[in-house]
Amino acid sequence: MSNKFSQSLRAAFGDGQNGERVRQRRIPPRKTSVYELLSYAILPCLFTMVGAMPSTAIWLLPAILPLLYVFYRRFGIYFPFACLCVYGLVSLTLNYDILTAVYFCALVFGFVGLVLSCQLSPYLACAACAAVFAAIGALAGVGVVRLAEGVPVSEIAAKYVLDERADPVISFFARDYYEHAELAPNEIKLEPQDDGYALAAASAFSEWAGDEFGYYIWYYCIHYGAIAGAVGYFVAVIVNRRTASCYDDGTTDAEIALSTRALGGVRVEKTPVAAMRVPRSYLWACLLPAALTAMILSFVGGYDFLSSTVMHAFVTLPSAFGCFTLLAFFASLFKGRARTAATVVVAVVGVTAVLFPIALFATSILGVCDCILDLRFWTNFIMTD
């Protein structure tokens, strides 16, 4: 482990023994913004919601992880980690749910990976660290549940859907699936007003869940974990570039005086999000091997789930990362209110990609195009011509 990396880890855990850092901590900070105070109120509400209704957490993890990082940047490592522990203990004690166990592991690993990524460089390694740790956390949570239940993942998923069919989220998806499902010839599809409709819908949906998660659980863990980690990293870069801590690598008194109080040390990323891009070497180092692997598996047959997982992990997600940074680059070309509007559009596209896999796939195609053509270069070339 290098000396710089050791210093970064000590900064992350608030090493306050250095006399220079003690002096810098006495520098008066700027006043805390209203947005930061609002985040302090939002995070407990989100934790309460995912603890009381775990079925909603899958869409809230990409929001919780960045807020945890804001807490880290502001207060250091111990307070946000304590918040995580309280969420896990209270949720698992008062409202035990297997999804809570999975999400708790994903958040713990994701938060540690996010903090660790901000001690590294360059930015591709940082983003990969945040995404991989979150995905590993989700897989670890599934492993814990698998060991605790003692049955295959397919049976756990099918049983969970039936047991929790009264949950509004599960009930909604069960009814939607049942409405469009093709039943066996000897089965009669019930109408919403018929007796037993809810049970019939949940039973059909549980069969699908058992088949789907029995094979594609790796796919879903990598998908949602990596997305949450990537969103957290983008927010971390923005927060780090707008704040300064006495524990940062190479920070000055002037930078600390212009920042609100920050106790979580990082190695500030000099490259803005708009300048980040996936290098062309990604095409032959990741995309080509993944595509060849998927082609071989398709010829062999019976490994569609493995082919999809490989392509998603090594092609779709990295390409979508490149697309989002490309959109941030386009937004940076505007000035004044137009830039604000463009930034909002980029944020909406990002949220859409997080919530809808088809939107993520569409952004990945544009990301591959940018990797091949370097659209930033040609945009600057046209603008300066």
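Residues numbered from 1 in each chain as written. Predicted model: local features only at pLDDT ≥ 70, side-chain atom pairs only at ≥ 80, totals over all residues. Heavy atoms only, no water.

Student: Could you clarify how one ought to interpret the overall build of the protein in this entry?
Tutor: On a plain count of helices and strands, the protein comes out with 16 helices and zero strands. In terms of overall size, the protein behaves like a compact globule, its C-alpha atoms giving a radius of gyration of 23 Å where 385 residues would be expected to give roughly 21 Å. Each of the three principal axes of the protein carries a C-alpha extent, and together these read 75 × 55 × 45 Å. Out of the 385 residues in the protein, the part that is buried amounts to 45%. Counting only contacts in the protein whose residues sit at least 6 apart along the sequence, the fraction spanning at least 24 positions is 73%. As displayed, the protein has an accessible area near 20300 Å², and 68% of this comes from carbon and sulfur atoms. Computed over 26 positive and 28 negative side-chain charges, the separation of the two mean positions in the protein equals 20 Å. (Helix = DSSP H or I, 4+ residues; strand = E, 2+ residues; numbered from the N terminus. Rg over C-alpha atoms; globule rule 2.2 N^0.38 Å. Buried < 20%, exposed > 50% of the residue type's maximum accessible area, 1.4 Å probe, protein only. Contact = heavy atoms within 4.5 Å. Areas by Shrake-Rupley, 256 points an atom, 1.4 Å probe, with all protein chains shown as cover. Lys, Arg positive; Asp, Glu negative; His and termini not counted. Charge placed at Lys NZ, Arg CZ, Asp CG, Glu CD.)

Student: Would you take a moment to explain the pattern of salt bridges for this structure?
Tutor: One side chain can pair with another of opposite charge once the charged atoms of both are near each other. Summed over all chains, the structure comprises five salt bridges. Residue D163 pairs with K159 through a salt bridge whose shortest N-O separation is 2.7 Å. Pair noted here: D163 and K159 are both in helix α8 (residues 153–163), with a separation of four residues, about one helical turn. With a relative accessible area of 49%, D163 lands in the partly exposed category. Judged by its relative accessible area of 52%, K159 falls in the exposed class. In this structure, D374 engages R277 in a salt bridge whose closest nitrogen and oxygen atoms are separated by 3.6 Å. Within this pair, whereas D374 is found in the loop between α15 (357–373) and α16 (375–384), its partner R277 is found in the loop between α11 (253–257) and α12 (281–300), the two being separated by 97 residues in sequence. (Salt bridge = Lys/Arg side-chain N within 4 Å of Asp/Glu carboxyl O.)

Student: How do you make sense of the state of the cysteines when you look at a structure like this?
Tutor: Covalent bonding between the sulfur atoms of two cysteines is what defines a disulfide. For the coordinates displayed, the defined rule picks out zero disulfides. The thiol sulfur of C221 is not disulfide-bonded, and the nearest other cysteine sulfur, from C105, lies at 11 Å. By relative accessible area, C221 is classed as buried at 7%. In this structure C323 is a free cysteine whose sulfur lies 9.2 Å from that of C369, the closest cysteine sulfur available. Residue C323 is classed as buried on the basis of its relative accessible area, which comes to 2%. (Disulfide = S-S within 2.5 Å.)

Student: For this particular structure, what's the right way to read a nonpolar patch on the surface?
Tutor: On the surface, W59, F172, F173, V351, L355, F356, I358, F361 and I365 cluster together into a nonpolar patch covering about 890 Å² of accessible area. Counting residues per element, the ones that place at least two in the nonpolar patch are α9 (168–180), α14 (337–355) and α15. A total of three residues in the nonpolar patch trace back to one element, the largest contributor, which is α15. With respect to the helices and strands, F361 occurs in helix α15. (Patch = residues over 30% accessible without salt bridge, like charges linked within 9 Å, V, L, I, M, F, W, Y side chains within 5 Å.)

Student: Hey, could you run me through the layout of surface pockets in this one?
Tutor: Over the atoms, a rolled probe matching the size of one water molecule traces out where space is still vacant. Reported here for the second largest pocket is a volume of approximately 1300 Å³. I58, Y103, F213, Y220 and Y224 are, among the 40 residues lining the second largest pocket, the residues nearest its centre. Mapped by element, the contributors of at least two residues to the lining of the second largest pocket are α4 (57–75), α6 (98–117), α7 (123–149), α8, α9 and α10 (197–242). With 12 residues, α10 is the single largest residue contributor to the lining of the second largest pocket. (1 Å grid on protein atoms, 1.4 Å probe; cavity = no way out; pocket = protein on both sides within 12 Å on 5 of 7 lines; lining within 4 Å. Points joined across faces, edges and corners; volume = space filled by probe spheres on them.)

Student: Looking at this structure, I do not really get the side chain of S307. What am I missing?
Tutor: Within the secondary structure, S307 sits in helix α13 (residues 304–332). Classification of S307 by relative accessible area gives buried; the value is 13%. Those residues in contact with S307, other than ones at most four positions away along the chain, are A294 and L297.

Student: Whenever I open this one, α8 confuses me. Can you help?
Tutor: In an α-helix, one turn spans 3.6 residues, which is why side chains three or four residues apart end up on the same side. Listed as buried for α8 are I156, A157, Y160 and V161. For α8, the buried positions fall inside an angular range of 125° around the axis, keeping them on one side. Elements that come into contact with the buried residues of α8 comprise α6, α7, α9 and α10. (Arc of directions from axis to C-beta.)

Student: Mind showing me how you'd approach the environment of A226 here?
Tutor: Tracing the backbone shows A226 in helix α10. On the basis of relative accessibility, which here comes to 10%, the residue A226 falls in the buried class. Sequence separation between A226 and S259 is 33 residues; the distance between their C-alpha atoms is 30 Å. Residues within four places of A226 in sequence aside, it is in contact with A131, A135, C221 and L317.

Student: What exactly am I supposed to notice about the nonpolar core here?
Tutor: Nonpolar side chains in soluble globular proteins tend to end up buried together. The biggest cluster of nonpolar side chains holds 53 residues, and the ones touching the most others in it are F47, I64, L68, Y69, L107, F111 and Y233. Mapped by element, the contributors of at least two residues to this core are α3 (34–52), α4, α5 (78–94), α6, α7, α10, α12 and α13. Ranked by residues supplied to this core, first place goes to α4 with 12 residues. For L107, the residues in contact, after removing those within four places along its chain, are F47, L61, I64, L65, L68, L84 and Y87. The next biggest cluster of nonpolar side chains, apart from the first, holds 21 residues, and it includes I98, A101, A157 and A201. (Core = buried A, V, L, I, M, F, W, Y, C linked by side-chain atoms within 4.5 Å.)

Student: Explanation requested: the packing of aromatic side chains in the structure shown.
Tutor: Any two aromatic rings considered together are summarised by their centre-to-centre distance and by the angle between their planes. Across all of its chains, the model carries 29 aromatic pairs by this definition. An aromatic cluster of three or more residues is present, and its members are Y177, F205, W208, F213, Y216, Y219, Y220 and Y224. Just above the ring of Y178 sits the side chain of K189; from NZ or CZ to the centre is 6.0 Å. (Phe/Tyr/Trp six-rings, centres within 6.5 Å; stacked < 30°, edge-to-face > 60°. Lys NZ or Arg CZ within 6 Å of the ring centre and 35° of its normal.)

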